[in-house]
Amino acid sequence: MNAPSTPAQLSQIERVARQAEVVRALQAVLPAHALLWHSEDTTPYECDGLTAYRQRPLVVALPETEDQVAAVLKACHALAVPVVARGAGTGLSGGAMPHALGVTMSLAKFNRILRIDPRSCTALVQAGVRNLAISEAAAPHGLYYAPDPSSQIACTIGGNVAENSGGVHCLKYGLTLHNVLQVRGFTVEGEPITLGAEALDTPGLDLLSLVIGSEGMLAVITDVTVKLVPRPLLARCIMASFDDVRKAGDAVASVIAEGIIPAGLEMMDKPMTAAVEDFVHAGYDLNAAAILLCESDGTPEEVEEEIGRMSAVLRRCGATAIAVSRDEAERLRFWSGRKNAFPASGRISPDYMCMDSTIPRKRLADILLAIAGMEEKYGLRCANVFHAGDGNLHPLILFDANDADQLHRCELFGADILETSVAMGGTVTGEHGVGVEKLNSMCVQFSPEENAQMFAVKRAFDTNGLLNPGKVIPTLQRCAEYGKMLVRAGQLTHPELPRF
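The structure presented is a predicted model; accordingly, all values stated were derived computationally and were not measured. (Residues numbered from 1 in each chain as written. Predicted model: local features only at pLDDT ≥ 70, side-chain atom pairs only at ≥ 80, totals over all residues. Heavy atoms only, no water.)

Caption draft 1: The environment of Ala-248, seen in detail. The topology assignment puts Ala-248 in helix 8 (residues 245–257). The class of Ala-248 is buried, set by a relative accessible area of 0%. C-alpha separation for the pair Ala-248 and Glu-330, spaced 82 residues apart in sequence, amounts to 22 Å. Not counting chain neighbours up to four residues away, the residues in contact with Ala-248 comprise Phe-242, Met-267, Ala-290 and Leu-292. (Helix = DSSP H or I, 4+ residues; strand = E, 2+ residues; numbered from the N terminus. Buried < 20%, exposed > 50% of the residue type's maximum accessible area, 1.4 Å probe, protein only. Contact = heavy atoms within 4.5 Å.)

Structure representation (structure tokens):
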């Protein structure tokens, strides 16, 4: 799972000359304070939330207007310079890792909420607006933006669009895809583009759905029109403890099979529960092998009825203890542990690699038991937190990045989780994206012909491959090299899967 190498290996003298050429071109379209190229200024941009892989960009551009975004793209296109769009840098798959010979375009200054429309229940926001800020601005109207990734206090809506982010309430309210009506931005040539509409449907191909989740490979998005939903009158959360992970996994499937769609349905195993309880003191049961958080929202009558039905299912599935939030403060405390799973893990390990895959709900226990076996196989610990309701896994592999052997074993561990997820009928990513982290795993999930079709879509938008190159779609050569590596390492765990 090593990061992709630079396509053109230039000498330091050639690199400096190339940098000077790009700087001259961008100085003509950007103010001096919006252009960075000295190493001390560009180092903060060398990675996103996946810190295991780093690359210093040639130049960092910080445009402040749409005209400047267009001008930067036109200048880079004329020079055949790659462009990597960047939001808050909270991504966990290396999707915003810079190109060594390219421009990183930060949209951090596009941070204005342009319009809240309570009548149409929509908001028009710039790409650099924080996810949580949308709900804060809509709150006086009794509205909020439903997708709530754990990083919502920092992540931006532009990044959410790039990765099709979800969150703990996506089971009931959907992913970013289901909550965005329209995006505006620019093509790689700097031409304006608008996809979607504020109407319920638009004529022609559904290119909005194509761009959402495309990881910055098809266009640079500058503003987004999102749906807002009314705040429910009441929300209550069940915390259910289980003495066996299989019972907890079966309970998730049973809740859904009962015809109940909770507002949120999350699962944490014992190591993760211990980590977050020590961090935020949410009141979790430290003796449980796994806990479930099941939330209901709506009118008081609806919530009371649904909480009763879910509690009955959980008890029938073997819950050893059930606690229901008594007020809003306790509900938020229950969720505080889940929302702080990642920073809590950072307190117990020098580094962690957060994986992201999906499986059918009925296989939750199977994947947890498989991961337990992998812990012994690779000699590393793993704490698990799941969007259990929709089968989205977030195993956090704990390791020390300063130890090259641990990093290598962590990469193999992560690849094994992803490959096992695919073998169980799932996918290599649920909401974090492919980036550079999962390039090799794309060789496992998709055949060469399928990857070629994805390249064809990329070329339709970006003929020369200048937007976020070297990400998401693996080349045939890369897949062949990865296959040889697995054979040498004896890692062909699921040889029946399409690959290479």
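Next comes the rest of the write-up.
Caption draft 2: Broad picture of the packing of helix 1 (residues 12–27) against helix 3 (residues 66–79). At their nearest, the axes of helix 1 and helix 3 sit 10 Å apart, and the two run at 145 degrees to each other. The interaxial crossing formed by helix 1 with helix 3 has right-handed handedness. Residues Arg-18, Glu-21, Val-22, Ala-25 and Leu-26 of helix 1 form the contact with helix 3, whose own contacting residues are Val-72, Ala-75, Cys-76 and Leu-79. Taken together, the residues of the contact of helix 1 with helix 3 sort by class into 7 nonpolar, no polar and 2 charged. (Axes fitted to C-alpha atoms, helices over the stretch in contact; angles between N-to-C directions. Left-handed = near helix turned anticlockwise from the far one by under 90°. Nonpolar A, V, L, I, M, F, W, Y, C, P; charged D, E, K, R; others polar.)

Caption draft 3: Local environment of the pairing of strand 13 (residues 264–269). With 6 of 6 residues buried, strand 13 lies mostly within the body of the structure. Alignment of strand 13 against strand 14 (residues 290–298), held across 6 bridges, turns out to be antiparallel. Bridged to Asp-269 within strand 14 is Ala-290. As paired strands, strand 13 and strand 18 (residues 381–387) are joined by 2 bridges and run antiparallel to one another. Note on strand 18: the bridge partner recorded for Met-268 is Val-385. (Pairing = 2+ DSSP bridges.)

Caption draft 4: View of the packing of helix 8 against helix 10 (residues 300–316). Where helix 8 contacts helix 10, the axes come no closer than 9 Å and their chain directions differ by 140 degrees. Between helix 8 and helix 10, the interaxial angle falls into the category oblique. When the axes of helix 8 and helix 10 are compared, the crossing they make is right-handed. Along the contact surface, helix 8 presents Ala-251, Ser-254 and Val-255, while helix 10 presents Met-310, Val-313 and Leu-314. (Parallel < 35°, antiparallel > 145°, perpendicular 65-115°, else oblique.)

Caption draft 5: Region of the structure containing the nonpolar core. In terms of nonpolar packing, the biggest core is built from 57 residues, with Phe-242, Met-267, Leu-292, Leu-314, Phe-386, Ile-397 and Phe-413 touching the most fellow members. It is helix 14 (residues 404–423) that contributes the most residues to this core, 7 residues altogether. Leu-26, Val-60, Phe-110 and Val-188 belong to the second largest nonpolar core, which has 31 residues in total. (Core = buried A, V, L, I, M, F, W, Y, C linked by side-chain atoms within 4.5 Å.)

Caption draft 6: Focus on helix 14. The end-to-end C-alpha separation of helix 14 is 29 Å, in line with the 28 Å expected for 20 residues at 1.5 Å each. A side-chain oxygen of the first residue of helix 14 lies 2.9 Å from the backbone nitrogen of Asp-405; this N-cap is Asp-403. A positive backbone phi angle near 100 degrees is found at Gly-425, which sits one or two residues after helix 14. (Expected span 1.5 Å × (residues − 1). Polar contact = N/O pair within 3.5 Å; in protein donor to acceptor, adjacent residues only side chain to side chain.)

Caption draft 7: The arrangement of the state of the cysteines in detail. Applying the stated rule across the entire model yields 1 disulfide. Two residues, Cys-443 and Cys-479, share a disulfide whose sulfurs are 2.1 Å apart. A torsion of -85 degrees about the S-S bond marks the disulfide between Cys-443 and Cys-479 as left-handed. With Cys-443 in helix 15 (residues 439–445) and Cys-479 in helix 17 (residues 476–489), the pair connects residues that are 36 residues apart, well separated along the chain. Classification of Cys-443 by relative accessible area gives buried; the value is 0%. Between Cys-410, a free cysteine, and Cys-382, which holds the nearest cysteine sulfur, the sulfur-to-sulfur gap is 8.9 Å. (Disulfide = S-S within 2.5 Å.)

Caption draft 8: Region of interest: a nonpolar patch on the surface. On the surface, a nonpolar cluster with roughly 330 Å² of combined accessible area is contributed by Leu-205, Leu-207, Leu-210 and Val-457. By secondary structure assignment, the location of Leu-205 is in the loop between strand 9 (192–196) and helix 7 (207–211). (Patch = residues over 30% accessible without salt bridge, like charges linked within 9 Å, V, L, I, M, F, W, Y side chains within 5 Å. Areas by Shrake-Rupley, 256 points an atom, 1.4 Å probe, with all protein chains shown as cover. Salt bridge = Lys/Arg side-chain N within 4 Å of Asp/Glu carboxyl O.)

Caption draft 9: Expanded view of the sheet that holds strand 1 (residues 35–36). Pairing is mixed in the open sheet, where 4 strands are placed in the order 1-2-4-3. With partners counted over all chains shown, the strands left at the sheet margins are strand 1 and strand 3 (83–86), one partner each. As defined by bridge partners, strand 3 adjoins strand 4 (residues 103–106) across 4 bridges and the pair is classed as parallel. When the bridges of strand 4 are listed, Ala-85 appears paired with Met-105. Most of the contacts of helix 1 go to strand 2 (residues 59–61), to which it runs at about 15 degrees, and overall it touches strand 1, strand 2 and strand 4. Running over the sheet, helix 3 touches strand 2, strand 3 and strand 4 and is turned about 170 degrees from strand 4.

Caption draft 10: Summary view of the pattern of salt bridges. Counted under the stated rule, the structure contains 25 salt bridges. With its nearest N and O atoms 3.0 Å apart, the salt bridge here joins Glu-330 to Arg-326. Look at Arg-326 and you get exposed, because its relative accessible area is 69%. One salt bridge in this structure joins Glu-330 and Arg-333, with 3.7 Å as the shortest N-O distance.

Caption draft 11: Molecular detail of unusual backbone geometry. Even without glycine at this site, Ala-80 takes up a positive phi of about 60 degrees. Topologically, Ala-80 is positioned in the loop between helix 3 and strand 3. Look at Ala-80 and you get partly exposed, because its relative accessible area is 48%. For Glu-215, which is not glycine, the phi torsion reads 60 degrees and is therefore positive. With respect to the element layout, Glu-215 can be found in the loop between helix 7 and strand 10 (220–227).

Shape is all these values report; function is a separate question.
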